[in-house]
Structure formats: structure tokens, C-alpha cells
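Okay, here's what each chain looks like letter by letter:
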Amino acid sequence: MQHALFDNSALPRHQHYSLGSASLDYYPAWLDGARADHCYGQLLRDTPWRQDTLRFGGKPVLVPRLQAWYGDTQARYGYSGLTLTPLPWTPLLQELRDELQRALQRPFNAVLLNYYRDGNDSVAWHSDDEAELGAAPMIASLSLGAVRRFELQARDRARHGANKHTLDLAHGSLLVMGAGLQQHWRHQLPKQPGIGSSRLNLTFRFIHAVA
Ligand SMILES: O=C(O)CCC(=O)C(=O)O
Ligand SMILES: [Mn+2]
């Protein structure tokens, strides 16, 4: 079951989804068209993109997208055996972060950039639930470039049923994954082989120091 409510608060037009005890907000036009185009062009060109290799059962597998990790110096992040050391904030990323912090009233000290070169790049089912993200993370996810499908599936099928939600993430849009979302839901960006153009995704996060 999907509930879409229009909110008339000071924040831009958005859709709110209540997914059981989790919340998700989608802002289709967080950035206006010209600014989205500018951010897309600059980030695509100026980011030192890297493609990491993960190991599954001892076998090396290339991550099916390119990535970059920026943030405050202490914001180290580890997942699937990789440790990412942050690059220093660029003026553009700092500006986007400041706007999100002001609008959402939450701090973000790091951002993961993903570059999906075409529809063959993807991210598999996962939850962003690493210890350094804390118990109830808020993740602010900005999309630029090709429209791609984002899918959510309940982790606890018994509680939420076989629910699956799908959103098409537009150029310049913002998806805010709120409290409970990582705990109760998984998400993925499936391959869409028909798509020939690229997409960038920026997930702003707050990394806690962990022992
Ligand atoms: O590209 C997206 O929209 C999602 C990326 C994602 O889930 C992640 O980097 O954790
Ligand atoms: Mn994720």
C-alpha cells in the first residue's frame, strides 16, 4: 500500500510515503533544470571516478558502477570489505550539502557519489545499515542525468507483506530515506539495459565515529 500526501510546508513540492514504520520523501524537482544540468556536467567531468573490486567467495568482481567518496576527514566508511577514505569537499558538493542541511535540519558529513555509465550499471539489493551510519540514519539522495528505477522491498515480509515499491528517480530530484527505512527495507537500482545514457547519484550521509 502506498500513500502519497502533498505537504504544504516551506519545503518544495514533494510526496511522502509511509512504509509501515519507515518514511520516504520524494522531491521531484529539488534542483531546477538549469542547475541540475550544471551539477551533472561538472560532477561528471571533475570527479576522480574509481571502480573498485569486491571479493565474493574469493573471486574478484568489479563493482558495476564508478564511485567517489567525499567528506570531513574523519568520515571513513566501510562496506563489503572496502574502506573509503574521504576526498575533501569541493565548493559544489559543499554548497549542495549546506542546502540540504538547512532544508532538512540534519547534519551530513560525507557524500557517496555513484556514476552509472549506462543501463548496464546498477546497485544490488542492500540496506545502508553499517554501524557508522548510526541506528536511525537519514540519507539524502540526489539524482542527476538518466531517469532510473529505484526499487524497495520489505526486509520483514511477514510484517509488511510482499510489498515492493518502485520510484522513477528524475534528473534534479531528491529522495530522503528517513528513520526506519534502512532497518525495515532494502533497496536496489536494477539494470535497465535499454538505457544508453548515464546517471549520477549523490547520497549525503552522517558518519559516526565507531570503535
Ligand atoms: O543510485 C541510487 O539511487 C542509489 C544508490 C545507493 O543505494 C547507495 O549508494 O547506497
Ligand atoms: Mn543505498
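For the structure itself, consult the block above.
Residues numbered from 1 in each chain as written. Chains lettered and ligands numbered in written order. Predicted model: local features only at pLDDT ≥ 70, side-chain atom pairs only at ≥ 80, totals over all residues.

J.: So what exactly am I meant to see when it comes to the overall build of the protein chain here?
T.: Along the backbone of the protein chain there are four helices and 16 strands. A compact globule built from 211 residues should have a C-alpha radius of gyration of about 17 Å, and the protein chain, at 17 Å, falls within 12% of that. Across its three principal axes, the protein chain shows a C-alpha extent of roughly 45 × 45 × 40 Å. By residue count, 33% of the 211 residues in the protein chain fall in the buried class. For the protein chain, the proportion of contacts with a sequence separation of at least 24, taken over those separated by at least 6, is 74%. (Helix = DSSP H or I, 4+ residues; strand = E, 2+ residues; numbered from the N terminus. Rg over C-alpha atoms; globule rule 2.2 N^0.38 Å. Buried ≥ 20, exposed ≤ 12 C-beta atoms within 10 Å, placed from the backbone. Contact = placed C-beta atoms within 7 Å.)

J.: Even after reading the chapter, I still don't get the site of ligand 1, so can you show me in this structure?
T.: Every residue close to ligand 1 is listed here: L112, N114, V123, D128, S141, F150, L169, H187, L189, N201 and T203. Those elements that place two or more of their residues in the shell around ligand 1 are β9 (110-116), β15 (185-189) and β16 (199-205). Taken together, the residues of the shell around ligand 1 sort by class into five nonpolar, five polar and one charged. (Near = placed C-beta within 6 Å. Nonpolar A, V, L, I, M, F, W, Y, C, P; charged D, E, K, R; others polar.)

J.: What exactly am I supposed to notice about the nonpolar core here?
T.: What tends to happen in soluble globular proteins is that the nonpolar side chains get buried as a cluster. L24, V111, L113, A140 and L175 are the most contacted members of the largest nonpolar core, which totals 47 residues. The leading source of residues in this core is β9, at six residues. (Core = buried A, V, L, I, M, F, W, Y, C linked by C-beta atoms within 7 Å.)

J.: Can you walk me through the sheet that holds strand β13 (residues 164-169) in this structure?
T.: One open sheet holds the four strands; their spatial order is β10-β15-β12-β13, and the pairing between them is antiparallel. The sheet is open, and its two edges are formed by β10 (123-126) and β13, each paired on a single side. Averaged over all neighbouring strand pairs, the angle between strand axes comes to 15 degrees, with direction disregarded. For strand β12 (residues 148-154) and β15, the ladder comprises four bridges, and the chain directions are antiparallel. Note on β15: the bridge partner recorded for A154 is W185. (Pairing = 2+ DSSP bridges. Axes fitted to C-alpha atoms, helices over the stretch in contact; angles between N-to-C directions.)

This is a description of form; function is not addressed.
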